[in-house]
Number of protein chains: 2
Amino acid sequence: MLPSPFDTLDVNSLSHLRCAQGDHVFRQGDPTKGIFFVKSGNVCLTRVTESGNAVTIHNARADDMFAEASMYSNHYHCDAVCVAPSEVVRVSKQAIQLRQREDATFSEAITKRLAMQVQDYRQLLTLHAVKSANERVLLAVAVGKLTGSVTQFASQVGLTREACYRALRELSDQGLLIKTGRGRYAPAPQKEDRRP
Amino acid sequence: MLPSPFDTLDVNSLSHLRCAQGDHVFRQGDPTKGIFFVKSGNVCLTRVTESGNAVTIHNARADDMFAEASMYSNHYHCDAVCVAPSEVVRVSKQAIQLRQREDATFSEAITKRLAMQVQDYRQLLTLHAVKSANERVLLAVAVGKLTGSVTQFASQVGLTREACYRALRELSDQGLLIKTGRGRYAPAPQKEDRRP
DNA sequence: AACAGAATATGATTGAAATCACATGTTACC
DNA sequence: GGTAACATGTGATTTCAATCATATTCTGTT
């Protein structure tokens, strides 16, 4: 049910939430109550800067967890908004901290999860550093970022919807992507002429 | 000497390295041998994308650690290059993993470090999402990113040197930054008219 | 079935940062 | 002291993504 380390927790450390589209699971600044698991639906983590720019930090879909890093903060650093009707499980912060102190294997699994998250963010950062919209979009698709709507995708890769649509079309025209349907694109199968 | 959790490790799990400017501590793809601490100098973590773009992932200076997330990877995901003559301490991956299994407090401290790193990356991601060069630079300076050279700074915030210099000058002209010297800028003291 | 609302898709225009180009200033080293 | 290497700084031009505008398709609701 829950991913690897959390499935061993007692049921009364979990709260099941049912959210409509647009509902907030938590808001930037709220005191941290725990970390979350998406049973179904789609929860988007966004952060708003002083200047009012909204940034998609993470796009959690079914079987993803989010707000894992909040374990050691007193308040959340971003908004969690359901972009689809969603079932979300909250895992109590207290319960995790207690268990972490008693169970080394549990603790190790959590650490591993965090380490992987760090690498994910680094990947995203690398992606954002690519200046060319076409190259960026190609890379992002190759890396599997385009699973939901293009609008969501655009926010994640740091481009406007329009720029993404254009890049997707151009890349399809160039044969670097295959258009598999309305708003659906897949990386073109690599020609194996890479050998030296 | 070493930061909080690592100072309790046995000395023979540490290797002291002395690096010249330009030396690689490790390269993208190398098998992971451990995590690192900068005693003095400056080590830059960069990643090169397929398209040849170099991205500064992290700029570790004296008393910083780097490659913490590599604990659970078999190979490094970026290059670590000394941008100044540096003294670096390598902390053996094996020793950490062993200790983690025996000492819950140690383990917890590591987890906390990783969680904070995740939040740092999120901050950087938020920064990169600000479109206006001036706003971005102002935010970055406010957050304390401009400590070394503007060139390094530019790479971290995702702008060209030139764009940074221009933004820095314009912000100084507007009185939002104070030029404290050649290539040195500080945030202007906030006027306290924020109260509602 | 009709309608609202959102996502997809593209075209035209504009604006801001990249790029190119070239000063000057600062180390550091022979 | 001379010079090579690099950082700072700023102007001129270009390019490419943002913005604005608009049409179409899809989905869900009443």
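Residues numbered from 1 in each chain as written. Chains lettered and ligands numbered in written order. Predicted model: local features only at pLDDT ≥ 70, side-chain atom pairs only at ≥ 80, totals over all residues. Heavy atoms only, no water.

Engineer: Got a minute to help me understand the sheet that holds strand β1 (residues 14-19) of chain B in this structure?
Structural biologist: Strand pairing in a sheet relies on backbone hydrogen bonds. The paired strands run either parallel or antiparallel. All names here are of chain B. In spatial order, the strands read β1-β8-β3-β6; together these four strands make up an open sheet with antiparallel pairing. Every other strand in the sheet has two partners, leaving β1 and β6 (65-66) as the edge strands with one partner each. As judged from the six bridges shared by β1 and strand β8 (residues 86-92), these two strands associate in the antiparallel manner. Along β8, the bridge assignment pairs S15 with R90. Strands in contact with helix α1 (residues 93-102) are β3 (34-40) and β8; relative to β8, the strand with the most contacts, it is inclined by about 45 degrees. (Pairing = 2+ DSSP bridges. Helix = DSSP H or I, 4+ residues; strand = E, 2+ residues; numbered from the N terminus. Contact = heavy atoms within 4.5 Å. Axes fitted to C-alpha atoms, helices over the stretch in contact; angles between N-to-C directions.)

Engineer: In this structure, what is going on with the domain arrangement of chain A? I would like to understand it.
Structural biologist: Note: interface size is frequently given as the accessible area lost on complex formation between the parts. Residue and element names in this part refer to chain A. Once the domains are mapped, chain A shows domain 1 (6-103) and domain 2 (130-181). Here the C-alpha centroids of domain 1 and domain 2 sit 27 Å apart. Opposite the five residues of domain 1 that make contact, domain 2 presents five residues. Of the roughly 440 Å² buried between domain 1 and domain 2 on both sides combined, carbon and sulfur atoms contribute 35%. Broken down residue by residue, the surface that domain 1 buries against domain 2 is led by T56, N59 and R61, which jointly contribute 80%. Taken together, the links from domain 1 to domain 2 amount to zero salt bridges. Applying the counting rule to domain 1 against domain 2 returns zero residue pairs in polar contact (both at pLDDT 80 or more). The element best represented in the side of domain 1 that touches domain 2 is strand β4 (residues 54-61), accounting for three residues. The residue inventory of the side of domain 1 that touches domain 2, partitioned by class, reads two nonpolar, two polar and one charged. (Domains from an automatic or database assignment. Buried area = accessible area lost by both parts, 1.4 Å probe. Salt bridge = Lys/Arg side-chain N within 4 Å of Asp/Glu carboxyl O. Polar contact = N/O pair within 3.5 Å; in protein donor to acceptor, adjacent residues only side chain to side chain. Nonpolar A, V, L, I, M, F, W, Y, C, P; charged D, E, K, R; others polar.)

Engineer: Just checking my understanding: could you explain the protein's contact with DNA strand C for this structure?
Structural biologist: Taken together, 21 residues are adjacent to DNA strand C, and Y165, R169 and K179 of chain A together with A133 and T160 of chain B come closest. Between DNA strand C and R182 of chain A there is a distance of 3.1 Å, counted from a sugar or linking oxygen to a side-chain nitrogen or oxygen. Mapped by element, the contributors of at least two residues to the surface near DNA strand C are α4 (150-157) and α5 (161-173) of chain A together with α5 (161-173) of chain B. At five residues, the largest contribution of residues to the surface near DNA strand C is made by α5 of chain A. (Near = heavy atom within 4 Å.)

Engineer: Please explain the nonpolar core as it appears in this structure.
Structural biologist: As a rule of thumb, nonpolar side chains are buried together in soluble globular proteins. In terms of nonpolar packing, the biggest core is built from 94 residues, with V25 and F66 of chain A together with F6 and F66 of chain B touching the most fellow members. The biggest single contributor to this core is helix α2 (residues 104-128) of chain B, with nine residues. Among the nonpolar cores identified, the runner-up in size contains 13 residues, and L2, I35, F37 and M71 of chain A belong to it. (Core = buried A, V, L, I, M, F, W, Y, C linked by side-chain atoms within 4.5 Å. Buried < 20%, exposed > 50% of the residue type's maximum accessible area, 1.4 Å probe, protein only.)

Engineer: Help me understand the interface of chain A and chain B, please; the structure alone is not making it clear to me.
Structural biologist: Taken together, the 37 residues of chain A in the interface contact 37 residues of chain B. When chain A packs against chain B, the two sides together hide about 3800 Å² of surface, and 65% of this comes from carbon and sulfur. The three residues of chain A that bury the most area against chain B are Y72, R122 and L125 of chain A, which together make up 19% of that side's buried surface. Seen at the junction of chain A and chain B, the total is two salt bridges.

Engineer: Is there a simple way to explain the pairing of strand β8 (residues 184-187) of chain A in this structure?
Structural biologist: The two faces of a sheet get side chains in turn, since along a regular strand they alternate between them. All names here are of chain A. Relative to β8, strand β7 (residues 177-181) runs antiparallel, the two being bridged by four bridges. In the strand pairing of β8, L177 is matched with P187. Hairpin connection of β7 to β8: two residues between the antiparallel strands, including G183 at a positive phi of 70 degrees.

Engineer: I keep staring at the side chain of R136 of chain B and nothing clicks. Help me out?
Structural biologist: Looking at the element boundaries, R136 of chain B is found in helix α3 (residues 133-142). Once residues lying within four places of it in the same chain are set aside, the contact partners of R136 of chain B are L127, H128, V130, K131, V157, G158 and L159 of chain B.

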